[in-house]
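Descriptive structure summary
Take a look at the letters that make up each chain.
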Amino acid sequence: MQKNKSRKVDLKDLTQDQLVRFVESLGQPAFRGRQILAWIYRPGISEFSQMTDLAKEFRAVLSQAATMSRFDDYLVESSMDGTIKFGFRLKDGLVIESVLIPEEERNTLCVSSQVGCAMGCSFCLTGKMGFHRNLRTAEIVNQVCAAQEWSFSHERGPLTNLVFMGMGEPLANLESVLDAISILTEQRGLDFSNRRITVSTCGLVPQMQILGEQTGVNLAISLHAVDDEVRSSLMPINRRYPLQQLIEASRTYPQKRRKRVMFEYTLLEGVNDADTDAEKLADLLHNVPCKINLLSVNPTGDARFHSPKEERILEFQKILRDRGFTVFIRQSRGEDIAAACGQLAGKGWPVNQDSESQLK
């Protein structure tokens, strides 16, 4: 529970268990915590006075001891392909981005977990902006709340899937991400199914184990190379957790039967897209229950990296499929508004110090 005695407690920072303990500290029975949680995440609830089945006196106590944060005047950009990018300004003036990807039968929200990123992957703009700080649980959950409200108000329907693939490395902010997942999947909270949530990592091996033990969400691993030399040059984290260690952790990752780890592989022309790379990738993953996503690199201003031609991508896919793997080619979305994979950097939004544009 993230609690500062000098300030009101933000109830959106609290899981159900933490909320129960909080109301007990106010002299209330445990069921009041569960009761409040059911109110917090109802659409349109922003004041304690709206919680009509709580005693008036207790509502007054809550208003003195707690608050319910939300993102209000966030900024929105629309792509030609229907992708929506949200810019959320935090209380300290920093900006995070989320991306809504509408498809025929689903609405997927790409959620951020940090302001910036410390992983330093060479083909990712978020890494180039550096690391500023971790997001609080409320700052993660409020991205989902705001995008859900926007989607309904614009007749786009409910969010169906959540992917922790926005700004930051989710497993480097594990405590807040785990608490956010608890709230997102709690029936009294936002009631998402575990199978509709995916957490992506560049390969923080110890935290992968904890995620698998404490949640039932899907795991995606950003791989992007088939040998340590190339991967270390692209992803510095590989020097701490090299491929052999990462692949073994993937093979033993705690998950339900029939679930498979998703490996993300960004194809970089002349770097990792040869037939021999595809064969090595198949050898590397041969005993790991998995699926593979192939991605084209998106423009980041780095002249070193280019996407292979479509024929090369299809041939790479065919080699893997011939070896028995399930392989998808993920289409880039939102590139024209810098909302595609590797492009989130919190830049281009107008500077606005108006408190109405902040998390409040």
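Parameters at a glance
- Residues numbered from 1 in each chain as written.
- Predicted model: local features only at pLDDT ≥ 70, side-chain atom pairs only at ≥ 80, totals over all residues.
- Heavy atoms only, no water.
- Salt bridge = Lys/Arg side-chain N within 4 Å of Asp/Glu carboxyl O.
- Helix = DSSP H or I, 4+ residues; strand = E, 2+ residues; numbered from the N terminus.
- Buried < 20%, exposed > 50% of the residue type's maximum accessible area, 1.4 Å probe, protein only.
- Contact = heavy atoms within 4.5 Å.
- UniProt positions renumbered as here; feature names shortened; annotations may be inferred.
- Phe/Tyr/Trp six-rings, centres within 6.5 Å; stacked < 30°, edge-to-face > 60°.
- Lys NZ or Arg CZ within 6 Å of the ring centre and 35° of its normal.
- Pairing = 2+ DSSP bridges.
- Axes fitted to C-alpha atoms, helices over the stretch in contact; angles between N-to-C directions.
- Right-handed = clockwise from strand over helix to strand, strands pointing away.

As a further point, take the pattern of salt bridges. Pairing between side chains of opposite charge can happen when their charged atoms approach one another. Enumeration according to the criterion identifies 16 salt bridges in this entry. Put simply, arginine 133 and aspartate 92 hold a salt bridge, and the shortest N to O gap is 2.7 Å. Of the two residues, arginine 133 is situated in strand E8 (residues 131–134) and aspartate 92 in the loop between strand E4 (84–89) and strand E5 (95–102); the sequence distance between them amounts to 41 residues. Accessibility expressed as a relative area gives 43% for aspartate 92, which makes it partly exposed. With a closest N to O distance of 2.7 Å, glutamate 248 and arginine 251 form a salt bridge. Of this pair, glutamate 248 and arginine 251 are both found in helix H9 (residues 243–251), three residues apart, which corresponds to roughly one turn of the helix. Taking relative accessible area as the criterion, glutamate 248 reaches 38% and is therefore assigned partly exposed. Where salt bridges share partners, they join Asp10, Asp13 and Arg136 into one cluster.

Moving on, we come to the side chain of serine 222. Tracing the backbone through its elements, the reader meets serine 222 in strand E11 (residues 218–222). Aside from chain neighbours lying at most four places away, what touches serine 222 is Ser200, Thr201, Cys202, Arg231, Met235 and Glu264.

With that settled, consider the UniProt feature "active site" (unreviewed entry) in the protein chain. Under the UniProt annotation, the feature "active site" (unreviewed entry) is placed at Glu97 and Cys341. A compact arrangement is adopted by the annotated residues: their sequence extent is 245 residues, whereas the largest C-alpha distance between any two is 12.0 Å. Structurally, glutamate 97 can be placed in strand E5. On the accessibility criterion, cysteine 341 (42% relative accessible area) is partly exposed. Cysteine 341 has contacts with Leu295, Asn298 and Arg330, leaving out every residue within four places of it along the chain.

Moving on to the packing of aromatic side chains. Using the criterion set out here, one finds seven aromatic pairs in the structure. Seen from their ring centres, tyrosine 74 and phenylalanine 86 are 5.7 Å apart, and the 80° between their planes marks the pair as edge-to-face. Remark: phenylalanine 86 occurs in strand E4 and tyrosine 74 occurs in the loop between strand E2 (66–67) and strand E3 (75–78); sequence separation between them is 12 residues. Three or more aromatic residues joined by ring pairs form one cluster here, namely Phe71, Tyr74, Phe86, Phe88 and Trp150. The ring of tryptophan 39 has arginine 42 sitting right over it, with the charged end atom 3.9 Å from the ring centre.

With that out of the way, let us pick up unusual backbone geometry. Backbone geometry at glutamate 155 places phi at a positive 55°, although glycine is not the residue there. Within the element layout of this structure, glutamate 155 appears in the loop between helix H5 (137–153) and strand E9 (161–164). The phi torsion at alanine 338 lies on the positive side, around 55°, for a residue other than glycine. Locating alanine 338 in the fold gives a position in the segment after strand E14 (327–330).

Turning next to the sheet that holds strand E10 (residues 197–201). The pairing of strands in a sheet comes from backbone hydrogen bonds and takes either a parallel or an antiparallel form. Pairing within the open sheet is mixed, and its 10 strands lie in the order E3-E4-E5-E6-E9-E10-E11-E12-E13-E14. One side of each edge strand has no neighbouring strand; the edge strands of this open sheet are E3 and E14. Taking each pair of neighbouring strands and ignoring which way they run, the sheet shows an average axis angle of 20°. Relative to E4, E3 runs antiparallel, the two sharing four bridges. Residue pairing across strands places leucine 75 opposite glycine 87, the latter belonging to E4. Docked against the sheet, H5 engages E3, E4, E5, strand E6 (107–110) and E9, running at close to 45° with respect to E5.

The set of residues buried in helix H1 (residues 16–25) consists of Gln16, Gln18, Leu19, Val20, Phe22 and Val23. Residues of H1 that are buried make contact with strand E1 (9–10), helix H2 (30–40), helix H3 (56–65), E2 and helix H6 (174–185). Note on H1: the residue one or two positions beyond its end, glycine 27, has a positive phi of about 85°.

For glycine 168, the position within the fold is in the loop between E9 and H6. Separated by 33 residues in sequence, glycine 168 and threonine 201 have C-alpha atoms that sit 9.4 Å apart. Residue contacts for glycine 168: discarding those within four places in its chain leaves Ser113, Gln114, Gly116, Cys117 and Thr126.

Here we take up the pairing of E10. Here E10 lies mainly inside the structure; five of its five residues are buried. Neither face of E10 is left uncovered, since the one carrying Ile197, Val199 and Thr201 and the one carrying Thr198 and Ser200 both have all their residues buried. Pairing between E9 and E10: three bridges, direction parallel. Each bridged residue has a counterpart across the sheet, and for phenylalanine 164 the counterpart in E10 is valine 199. Taken together, E9, H6 and E10 form a β-α-β motif whose crossover is right-handed. Bridge count between E10 and E11: four bridges; the pairing is parallel. By the bridge assignment for E11, threonine 198 is matched with asparagine 218. With helix H7 (residues 205–214) bridging E10 and its parallel neighbour E11, the resulting β-α-β unit is right-handed.

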